[in-house]
Amino acid sequence: MKQFFFMILMLFAWDGYGQNYQAGLRLGDPYGISAKTDLNENYAAEVIIGRGSPNSSQYYRRTFDQNKPFSSAIYDGQQVSGALSLQARLAYQESINNEFGITEGNLKGYAGLGVQLRNVAVSYFYHTPNPEEQSSGRVAERSDIDLGPEGFFGAAYLFADFPVEAFAEMGLLMELMNRLGHLKVQGAVGARYRF
């Protein structure tokens, strides 16, 4: 959490260098609120706060099997809630108007790196063949924390007539915490108001 607040402070420290600020909504994985500032003509910093999608049932089953509440516990299923996601990113962006013959507005291609933290509350349901263990309950409550680097690329179009930028992007998150090396594909569309 300290690293996240440090990244926010860094974003505001660049305040004097940024030309434009943007704030808006992001729909996809994760979805939430996006705040972005241009550091110069080619670099931008972004912070995203929102909710991410849960992982697959197989992911949670493997996680349960690696850390069972009892050695004889047998996985029955899970319920996932509260998938909070925090991201801090730095992107290289460049106008690609000439490549597509665009004369109004500004189409930029971008790519970058960032760090993402996800926290998901998971209720694991299980049973055991041992009657003594059965009395302890059949639900294990856990917090699934994923932390890792992400790479992303996309395109953003700034309209000529009003200060709105629409964007679409794809990315890849690699977990370093919880499930080392697990890869998660992410994508989103959205719009930000430029002020």
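These lines cover the structure that appears in this document, whether it is placed above or below. (Residues numbered from 1 in each chain as written. Predicted model: local features only at pLDDT ≥ 70, side-chain atom pairs only at ≥ 80, totals over all residues. Heavy atoms only, no water.)

1. Quick notes on the overall build of the protein
- Each helix and strand in the protein was counted, giving four helices and eight strands.
- Put simply, the protein runs from its N terminus to its C terminus through helices and strands in the order α-β-β-β-α-β-α-β-α-β-β-β.
- Counting every position in the protein, which comprises 195 residues, the buried fraction comes to 38%.
- Accessible surface, the protein as shown: approximately 10,900 Å² in total, 63% of it carbon and sulfur. (Helix = DSSP H or I, 4+ residues; strand = E, 2+ residues; numbered from the N terminus. Buried < 20%, exposed > 50% of the residue type's maximum accessible area, 1.4 Å probe, protein only. Areas by Shrake-Rupley, 256 points an atom, 1.4 Å probe, with all protein chains shown as cover.)

2. Observations regarding unusual backbone geometry
- Residue Pro30 is reached from Asp29 by a cis peptide bond, and omega for that bond is -10°.
- Looking at the element boundaries, Pro30 is found in the loop between β1 (21–28) and β2 (31–38).

3. Points about the nonpolar core
- Grouped together as the largest cluster of nonpolar side chains are 11 residues: Tyr59, Tyr60, Phe64, Ala73, Tyr75, Ala83, Val120, Val122, Tyr124, Tyr126 and Ala140.
- Elements with a minimum of two residues in this core: α2 (57–66), β4 (74–95) and β5 (106–127).
- No other element matches β5, which puts four residues into this core.
- Filtering out sequence-adjacent residues up to four positions away, Tyr124 remains in contact with Tyr60, Thr63, Phe64, Tyr75, Gly77, Gln78, Arg138, Val139, Ala140 and Arg142.
- In terms of nonpolar packing, the next biggest core, distinct from the first, is built from five residues, Ala91, Tyr110, Phe152 and Phe167 among them. (Core = buried A, V, L, I, M, F, W, Y, C linked by side-chain atoms within 4.5 Å. Contact = heavy atoms within 4.5 Å.)

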